[in-house]
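What follows is each chain in one-letter form.
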Amino acid sequence: MSQSIVAAYQNKYEDENEEQEDSEIKLVFVKRKKFKLCNLILDNCSISETGSLDKVADICSKVTECDLSHNLISDWNEVFRLLDVGALIKFLNLSSNKLGKCEKLPEKPYTSLQCLILCGNVNDWDNLLSLLPSFPSLSHLNIGYSNISALPCPTDSVFPNLTELNLIENNISRFEDVLGLAHTFPNLHTLVLSDNPLSSFGEDQQAIEKFEKLAKLHVNNITINSWEEVSKLRWFSALKDVRMIHWDLFGDMNESERRKMLGALLPNTHLINGAPIPNRESAERWYMRRCQAADDLENRRYKELYEKYGELPELGDIKLGGQDETITLKLCVPERGVEVEKTFSIYDSLKEIKTFVKNEYNIKNKLMIEAQIVEDAHADLYGLSFDYTLLHRTALKEGDAITVRSDDRHLSTNEILRRYQTQHNFSKQ
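From a predicted model like this one, the values you see are computed outputs, not experimental measurements. (Residues numbered from 1 in each chain as written. Predicted model: local features only at pLDDT ≥ 70, side-chain atom pairs only at ≥ 80, totals over all residues. Heavy atoms only, no water.)

Caption draft 1: Looking closely at empty space enclosed by the protein. Counted according to the given criterion, the structure contains two cavities of 30 Å³ or more. Lining the largest cavity, in full, are Leu-233, Arg-234, Phe-236, Leu-239, Leu-266, Pro-267, Asn-268 and Thr-269. Its residues assigned to classes, the lining of the largest cavity shows five nonpolar, two polar and one charged. Volume-wise, the second largest cavity comes out at about 30 Å³. A total of three residues in the lining of the second largest cavity trace back to one element, the largest contributor, which is helix H3 (residues 76-85). Of the residues contributing to the lining of the second largest cavity, the split by class is five nonpolar, one polar and two charged. (1 Å grid on protein atoms, 1.4 Å probe; cavity = no way out; pocket = protein on both sides within 12 Å on 5 of 7 lines; lining within 4 Å. Points joined across faces, edges and corners; volume = space filled by probe spheres on them. Nonpolar A, V, L, I, M, F, W, Y, C, P; charged D, E, K, R; others polar. Helix = DSSP H or I, 4+ residues; strand = E, 2+ residues; numbered from the N terminus.)

Spelled out as structure tokens, the structure:
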């Protein structure tokens, strides 16, 4: 049974004054002073209409974020009625409703709305484009799960404020079908194309270069199957951050091999799957040797790197792709009076370091890791408190010192004293 926003709000948020009485004690529940919501969450409430505008205006007087996903709204006019009275709404989620084509545009623009989520609601891209001028401040648009296969963009439609477009899990198989976005959204910073059947970035380098501001691209779980296609990502001149996991192209390559391969092919990209390239030169030399081993000396990237490094010196019995980058740290274990240099893989986790120390020096206590940064004593030590953080995701550099000691933060004062006395062979006087 469908209901209005007002009814759904009352059912979820409002408690009626109640009186309960038994034979001896009279309980009176007094309703506290009415508060104003900033985040209105009414998903899965069978909402089909707005309801009384006066009541909605009162409900939404302070609302900046509104989630109406998974409801039964089918008329855009109901959305406009909400925005007419919800003047502060910046975020609106209308995913999985029954919205169709907008037959009549609103008479005034809604200047507060910045983020609009329409997953599963966009059946007519042209109609949506005609709606966008009504949201002049819109910077984030999510139209995933809408079975879109192409996004033709007329030259008279330009929306400079939109910086993030999410097209996850549509039916886009050719990048040529989204090239018009570079003109329509000239300041597009983030584009999400994950979970589309995308098999190629096309051959129009000049058209791709028009994405002049695109810095982040999500292409997880797509169907590209050649390294030549990966190299085309260089055509996005501003691209710094690429998310690309669950590709069949990677086959059985381990994480180290994937990062070296992508680091060599994408020299201008700083982040791959959220992590920086730890050693670009090492990745590029690894790629050159891989090409030499495969007798693939004619590809464009190999020739570029050959111009950069020249003929690589012969190595001994090298295992291509089998070596991880390493980092040498000064390892201090104060409980055993140990200070040694130890080399770790940058893909080792902090938990693996703690396990090594426990086994090597026979320590049974819970351990913690502290660090002293050589280059900058105030550097960000993100992740040193989390066991499964990999070394390459921390601020540690070659030559830094780490101290692995018992974690006393959870112990009582008496237990700390007892351990200290035991460690230094103190006896009670």
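Still more ground to cover, so stick around.
Caption draft 2: Representation of unusual backbone geometry within the structure. Positive phi values are uncommon outside glycine, yet Asn-147 reaches one of about 60 degrees. The topology assignment puts Asn-147 in the loop between strand S9 (140-142) and strand S10 (164-166). Asn-147 sits in the exposed class, given a relative accessible area of 61%. Of note in this structure, His-246 is not a glycine but carries a positive phi near 60 degrees. (Buried < 20%, exposed > 50% of the residue type's maximum accessible area, 1.4 Å probe, protein only.)

Caption draft 3: Focus on the sheet that holds strand S6 (residues 65-67). Spatial strand order, S4-S6-S7-S8-S9-S10-S11-S12-S13-S14-S15: 11 strands in an open sheet with mixed pairing. Every interior strand has two partners, whereas the edge strands, strand S4 (39-41) and strand S15 (275-276), have only one. (Pairing = 2+ DSSP bridges.)

Caption draft 4: A look at the layout of surface pockets. The volume enclosed by the largest pocket comes to roughly 450 Å³. Lining the largest pocket are 19 residues, with Trp-227, Glu-228, Ser-231, Arg-300 and Arg-301 sitting closest to its centre. Going through the elements one at a time, helix H7 (227-231), helix H8 (255-265), helix H9 (280-293) and helix H10 (300-309) are the ones with two or more residues in the lining of the largest pocket. When its residues are assigned to classes, the lining of the largest pocket shows seven nonpolar, three polar and nine charged.

Caption draft 5: Geometry of the nonpolar core. Formed by 93 residues in total, the largest nonpolar core has its most connected members in Leu-92, Ile-143, Phe-175 and Leu-181. Every residue in contact with Leu-92, bar those within four places of it in the chain, is listed here: Cys-66, Leu-68, Val-79, Leu-82, Leu-83, Leu-113, Cys-115, Leu-116 and Ile-117. Formed by 20 residues, the second largest nonpolar core is a distinct cluster that contains Ile-327, Leu-350, Leu-390 and Ile-402. (Core = buried A, V, L, I, M, F, W, Y, C linked by side-chain atoms within 4.5 Å. Contact = heavy atoms within 4.5 Å.)

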